[in-house]
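As a plain string of letters, each chain reads:
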Amino acid sequence: MSEMNLDKDKNHTIQEEVAAVPGHERRIRAAFDSGNFKLAATLTLEAYGPELMGFLAACHRRLTEAEEVFSLFTEDFWLGLSKFKWQCSMRTWVYTLARNADRRYRRGPHTRAGRHVSLKDAPEVLEAIEKVRTGTATFLQTGFRSEIQNLRAQLTLEQQELLILRLDRGLSWRDIALILQDGKEPEDATALKQHTQT
């Protein structure tokens with residue numbers, strides 16, 4: 001997606017944003033609009049789960065930490081899905097949820113007491129979650145750690161997130177600003193772009 005000037009974005013609609021992205025966003029939206037949240041969740045996790053797990057793994061030194069954050073994310077995602085307002089793309093929203101789960105994990109005790117969410121009535125969602133976990137874990141354990149990752153480890157967490165979201169994931173500056181501001185409409189995405197160039 002190309003960079004966006006937020007002044008021009010005032011007339012920008014989520015329908016335009018969804019139309020500009022691959023077909024999986026449209027399929028997710030169709031399932032969501034029909035009230036089939038299990039299918040919307042499954043499609044979302046299949047489309048974005050591996051890259052979210054990769055994002056979290058890149059932000060943590062140990063895969064077990066990334067897996068724990070991914071668990072927190074999936075709980076937040078499932079609990080919040082029916083309330084999602086489509087003020088951004090699904091991809092942007094799930095990155096926001098993953099980042100928020102990561103912040104909670106880093107701040108608080110590493111227990112999920114009282115946070116367990118049952119998905120027994122949604123086996124297809126559980127299956128998608130398990131595919132993401134096992135597939136990503138296998139990929140990350142096959143010697144994937146490279147010199148680039150060693151260099152990334154020297155960056156601050158915020159710098160790592162920006163690098164991953166912009167270069168690896170190709171998100172627009174507007175989407176990154178939304179993710180970093182917990183889904184609130186950013187005042188100026190160009191300021192974020194300029195901040196990263198200094």
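Before reading on, note that the structure itself is shown above.
What you see is a predicted model, and the numbers here were worked out from it, not measured in a lab. (Residues numbered from 1 in each chain as written. Predicted model: local features only at pLDDT ≥ 70, side-chain atom pairs only at ≥ 80, totals over all residues. Heavy atoms only, no water.)

### A closer look at the overall build of the chain
Which entries qualify depends on this criterion: The numbering of helices and of strands both runs from the N terminus, where a helix is a DSSP run of H or I of at least 4 residues and a strand a run of E of at least 2. Any residue under 20% of the maximum accessible area for its type is buried, any over 50% is exposed, and the rest in between are partly exposed; the area is computed with a 1.4 Å probe on protein chains only. Two residues form a contact once any of their heavy atoms are found within 4.5 Å.
Each helix and strand in the chain was counted, giving ten helices and zero strands. Mapped in sequence order, the helices and strands of the chain form the string α-α-α-α-α-α-α-α-α-α. Out of the 198 residues in the chain, the part that is buried amounts to 46%. Of the contacts formed within the chain by residues at least 6 apart in sequence, a portion of 68% connects residues at least 24 apart.

### As for the pattern of salt bridges
Counted only if it meets this: Should a side-chain nitrogen of Lys or Arg be within 4 Å of a carboxyl oxygen of Asp or Glu, the pair is scored as a salt bridge.
Inspection of the entire model under this criterion finds seven salt bridges. Measuring nitrogen to oxygen at the nearest pair gives 3.1 Å for the salt bridge that ties Asp33 to Arg29. Here Asp33 and its partner Arg29 are both found in helix α2 (residues 23–33), four residues apart, which amounts to about one turn of the helix. With a relative accessible area of 52%, Asp33 lands in the exposed category. Here Arg174 and Asp175 are joined by a salt bridge, their closest N and O atoms 3.8 Å apart. Here Arg174 and Asp175 have matching classes, each one buried.

### Observations regarding the packing of aromatic side chains
What counts here: Note on aromatic contacts: the rings of Phe and Tyr and the six-membered ring of Trp form a pair at centre separations within 6.5 Å, being stacked when their planes are under 30 degrees apart, edge-to-face when over 60 apart, and tilted otherwise.
Applying the stated rule across the entire model yields nine aromatic pairs. Arranged with centres 5.5 Å apart and planes meeting at 45°, the rings of Phe70 and Phe73 form a pair that is tilted. One end of the pair, Phe70, and the other, Phe73, are both in helix α4 (residues 63–80), three residues apart, so they sit about a helical turn from each other. Across the pair, Phe73 and Phe70 agree in class, each one buried. Taking 5.9 Å as the distance between ring centres and 50° as the angle between the ring planes, the aromatic pair formed by Phe77 and Trp93 counts as tilted. Of the two residues, Phe77 sits in helix α4 while Trp93 sits in helix α5 (residues 90–107), which places them 16 residues apart along the sequence. Here Phe77 and Trp93 have matching classes, each one buried. Three or more aromatic residues joined by ring pairs make a cluster, and in this case those are Phe32, Phe37, Phe70, Phe73, Phe77, Phe84, Trp86 and Trp93.

### Side note on the environment of Glu161
Here Glu161 is to be found in helix α8 (residues 157–168). In the structure, Glu161 is positioned 105 residues away from Leu56 in sequence and 9.2 Å away in space, judged by C-alpha atoms. When near neighbours in sequence (up to four residues on either side) are disregarded, Glu161 contacts Phe55, Cys59, Arg99, Asp102, Arg103 and Leu180.

### Brief notes about α4
So the rule is basically this: The span one expects for a helix is its residue count, reduced by one, times 1.5 Å.
The terminal C-alpha atoms of α4, which comprises 18 residues, lie 25 Å apart, in line with the 26 Å expected from a rise of 1.5 Å per residue. Here α4 lies mainly inside the structure; 14 of its 18 residues are buried.

### Considerations on the environment of Thr156
Summarising the element assignment, Thr156 is placed in the loop between α7 (147–152) and α8. A relative accessible area of 46% means that Thr156 is categorised as partly exposed.

### Topic: α2
Selection rule: When we speak of the arc, we mean the arc of directions from the helix axis to the C-beta atoms.
For α2, the full list of buried residues reads Glu25, Ile28, Arg29, Ala31 and Phe32. What you see down the axis of α2 is that its buried residues fit within an arc of 165°, all on one side. The positive-phi residue at the C-terminal boundary of α2 is Gly35, with phi of around 85°.

### Thoughts on the nonpolar core
Selection criterion: For this analysis, a nonpolar core means a set of buried residues of the types Ala, Val, Leu, Ile, Met, Phe, Trp, Tyr and Cys, connected via side-chain atoms within 4.5 Å.
By size, the foremost hydrophobic cluster in this structure holds 43 residues, and its most contacted members are Phe73, Phe77, Met90 and Trp93. Mapped onto this core, the elements with two or more residues apiece are α2, α3 (37–59), α4, α5, α8 and α9 (173–180). The element best represented in this core is α3, accounting for eleven residues.

### Concerning the packing of α5 against α8
Short version of the rule: Interaxial angle, 0 to 180 degrees, is taken between N-to-C directions of lines fitted to C-alpha atoms, where a helix line uses only the stretch in contact. An angle below 35 degrees is treated as roughly parallel, one above 145 as roughly antiparallel, one from 65 to 115 as roughly perpendicular, and anything else as oblique. Working rule for handedness: look at the near helix, and if it is turned counterclockwise from the far one by less than a right angle, call the crossing left-handed; if clockwise, right-handed.
Between α5 and α8, the least distance of the axes is 13 Å, while the angle of their chain directions is 160°. By the angle between their directions, the pair α5 and α8 is classed as roughly antiparallel. Where α5 crosses over α8, the handedness of that crossing is right-handed. Across from Tyr95, Arg99, Asp102, Arg103 and Arg106 in α5, the residues of α8 making contact are Leu157, Glu161 and Leu165.

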